[in-house]
Amino acid sequence: MSGRIPFSAELFRTVVANTSARALAIVGLTLATVLVARTGGPSAVGEYALLRMLPGLVGVLCVLGLPGALAYFLAAPRRDLPRLWPTLIAIGFGGALLGTVVWLVASPVIAHLFFPDEPALLIAVAGVTVPTQLLLTLGKTALQGLEDRRGGDVVIAAEELAFLPCYLLPLLIGFHGVTAIVVGLALADLVVAVEAWRRVSRLLGWRRYGLSGNGLGWFGRPDRELGRQVASYGLRGQVGGLMTLLNLRLDFAILGAMAGPAVLGGYAVASKYAELLRLPGTALTWVFYPRLAKLGQREAAATARRMIRPTLIGILLAAIPVALLTSPVMRLLYGASFGSAVAPARVLLAGMLLAGASGVASAYLYGRGTPGLNSIILGIGLVITVVLDLLLIPKHGAMGAAIASTAAYLFTDALLIGLLLRLSGPSNARDSRSAVPISEVSS
């Protein structure tokens, strides 16, 4: 039977299920943000947004892009490479330790730049979320590589839903402000990470697999050459992941530093609302990436090209009701003090219109073993974001940040779609396996 993946009912259900999980995560994040806003106001929302972003960013950089490489190296047949898991565990553990140390050393600077009203010691304590976020992220991407779609969807939804009860707990025992946020984030990470790794262990048969003496188990001596190949792929891919994160969140950091947490709080709400339209594209990348990695180049190219038109039309149709509901949703959920978030949210929505098709393009580039191309394009978008943020934020505040991000989103998404069309054309789609052999990963 051909490995071809048609746009079937099964595939549609898979994408819808993943999108639904991400929508549930947005619901959880929204509820948590509402609670943070009601208890601490816009400034607390800004601090919450920064604490969800910065520790995770430090951790991912220190593990050499391991989350981006996991799904690729856990796809069949690479998952059976000798000493794979000891190598992955060594990279993860070492990176978590390094990331925590980096956060502690940098905490005075981080506190001065982003949390001027909080003591540096408290921001240093927030470094505990560096390893907890890493543990959760690695568990989630391991499920992706093992193609446990249901488990991955559960973890994606629980990642945000778990914060609400974990945040309520420190509030009930008397903590408040940043302290409650840090405790809530760490607890939520640990709870969901335990479930993610339980599923990974069950998929691999943890009793047999973990104690295996043939080099395929959890324990053993890491393979230096394999580690180099994992890091090479991971770093090339993580540059793109980092660029995506920075394109989505660098405006948070710049706006927070230039305009303060209160303005950032309103903009954070607008940004998360607009990102509803990015969920299907993210789901498509998540679902397609491991699948395309197993297909021949020609089949992968044809599959990806067929997805462009339906994803473009789908996002355009979804954007209409989302835009119309912006004002009532903002005012109903967050109150009158967040009315200034409505206009930036509508501008940001325009920047998401190509996100579905660009999600397919990113999956194709990762699946064919060329994550560096994805990273280069996203790097161009990052330059646009920085330049326009610095030009527009001083005069226009949150609206300037929204315009800058929208321009960067549209430009990079259009480039990704164009690159997909070019690389997947008949003259470029060779009839070979899209998954790069292990010996070529570092090339």
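Shown above is the structure to which this text applies.
Residues numbered from 1 in each chain as written. Predicted model: local features only at pLDDT ≥ 70, side-chain atom pairs only at ≥ 80, totals over all residues. Heavy atoms only, no water.

## With respect to the pattern of salt bridges
Next, step 1: Enumeration over the complete set of coordinates arrives at seven salt bridges.
Next, step 2: Ionic contacts of the salt-bridge type, sharing partners, join the residues E195, R198 and R199 into one network. (Salt bridge = Lys/Arg side-chain N within 4 Å of Asp/Glu carboxyl O.)

## Focus on the environment of L365
Next, step 1: Summarising the element assignment, L365 is placed in helix 16 (residues 355-367).
Next, step 2: Once you skip the residues sitting within four places of it in the chain, L365 turns out to touch T370, P371, L373, N374, L416, L419 and L423. (Helix = DSSP H or I, 4+ residues; strand = E, 2+ residues; numbered from the N terminus. Contact = heavy atoms within 4.5 Å.)

## Quick word on unusual backbone geometry
Next, step 1: The phi dihedral of R83 falls on the positive side, at around 60°, and the residue is not glycine.
Next, step 2: Counting through the fold element by element, R83 comes out in the loop between helix 2 (66-73) and helix 3 (84-114).

## Some points on the nonpolar core
Next, step 1: Core analysis: the largest hydrophobic core is formed by 118 residues, its most contacted members being M330 and Y364.
Next, step 2: At 19 residues, the largest contribution of residues to this core is made by helix 1 (residues 9-62).
Next, step 3: Sequence-distant contacts of Y364, defined by excluding residues within four places in its chain, comprise L292, Q297, A300, A301, A304, L420, L423 and S424. (Core = buried A, V, L, I, M, F, W, Y, C linked by side-chain atoms within 4.5 Å. Buried < 20%, exposed > 50% of the residue type's maximum accessible area, 1.4 Å probe, protein only.)

## Points about a nonpolar patch on the surface
Next, step 1: A surface patch of nonpolar side chains, amounting to about 590 Å² of accessible area, comprises L168, L169, L172, I173, F175 and L187.
Next, step 2: Broken down by element, the nonpolar patch gets its largest block of residues, three residues, from helix 7 (residues 163-172).
Next, step 3: Structurally, the position occupied by F175 is in the loop between helix 7 and helix 8 (177-204).
Next, step 4: The class for F175 is partly exposed, based on a relative accessible area of 39%. (Patch = residues over 30% accessible without salt bridge, like charges linked within 9 Å, V, L, I, M, F, W, Y side chains within 5 Å. Areas by Shrake-Rupley, 256 points an atom, 1.4 Å probe, with all protein chains shown as cover.)

## Some details on empty space enclosed by the protein
Next, step 1: Summed over the entire model, instances satisfying the criterion amount to one cavity of 30 Å³ or more.
Next, step 2: What the largest cavity holds in volume is close to 80 Å³.
Next, step 3: In this structure, the largest cavity is lined by L143, Q144, E147, D148, R149, W286, V287, P290 and R291.
Next, step 4: Among the secondary structure elements, those contributing two or more residues to the lining of the largest cavity are helix 5 (129-145) and helix 12 (279-292).
Next, step 5: In terms of residue count, helix 12 provides more of the lining of the largest cavity than any other element does, four residues in total.
Next, step 6: Counted by class, the lining of the largest cavity contains four nonpolar, one polar and four charged residues. (1 Å grid on protein atoms, 1.4 Å probe; cavity = no way out; pocket = protein on both sides within 12 Å on 5 of 7 lines; lining within 4 Å. Points joined across faces, edges and corners; volume = space filled by probe spheres on them. Nonpolar A, V, L, I, M, F, W, Y, C, P; charged D, E, K, R; others polar.)

## Digging into the packing of aromatic side chains
Aromatic ring pairs are reported here in terms of the distance separating the ring centres and the angle at which the planes meet.
Next, step 1: Applying the stated rule across the entire model yields three aromatic pairs.
Next, step 2: Where W85 meets W197, the ring centres are 6.1 Å apart and the plane angle is 75°; that geometry is what we call edge-to-face. A residue pair is termed long-range when its members are at least 10 positions apart, and W85 in helix 3 and W197 in helix 8 qualify at 112 residues.
Next, step 3: Classification of W197 as partly exposed rests on a relative accessible area of 21%.
Next, step 4: Ring centres of F163 and Y167 lie 5.2 Å apart, and the angle between their planes is 15°; on these two criteria the pair is classed as stacked. Placement of the pair is F163 and Y167 together in helix 7, with a separation of four residues, close to one helical turn.
Next, step 5: Classification of F163 by relative accessible area gives buried; the value is 2%. (Phe/Tyr/Trp six-rings, centres within 6.5 Å; stacked < 30°, edge-to-face > 60°.)

## What about the environment of V183?
Next, step 1: Position of V183 relative to the elements: it lies in helix 8.
Next, step 2: Residue classification places V183 among the partly exposed positions, given a relative accessible area of 28%.
Next, step 3: A C-alpha to C-alpha distance of 6.8 Å links V183 and P170, two positions 13 residues apart in sequence.

## Quick look at the packing of helix 12 against helix 16
Next, step 1: One way to put it is that helix 12 packs onto helix 16 with a least axis distance of 8 Å and a crossing angle of 25°. Accordingly, the angle class assigned to the pair helix 12 and helix 16 is roughly parallel. Considering how the two elements wind past one another, helix 12 and helix 16 form a crossing that is right-handed. Taking contact as the criterion, the partners of G281, L284, T285, F288, Y289 and L292 in helix 12 are, on helix 16, A355, G356, G359, V360, S362, A363, Y364, Y366 and G367.
Next, step 2: Its residues placed into classes, the contact of helix 12 with helix 16 shows nine nonpolar, six polar and no charged. (Axes fitted to C-alpha atoms, helices over the stretch in contact; angles between N-to-C directions. Parallel < 35°, antiparallel > 145°, perpendicular 65-115°, else oblique. Left-handed = near helix turned anticlockwise from the far one by under 90°.)

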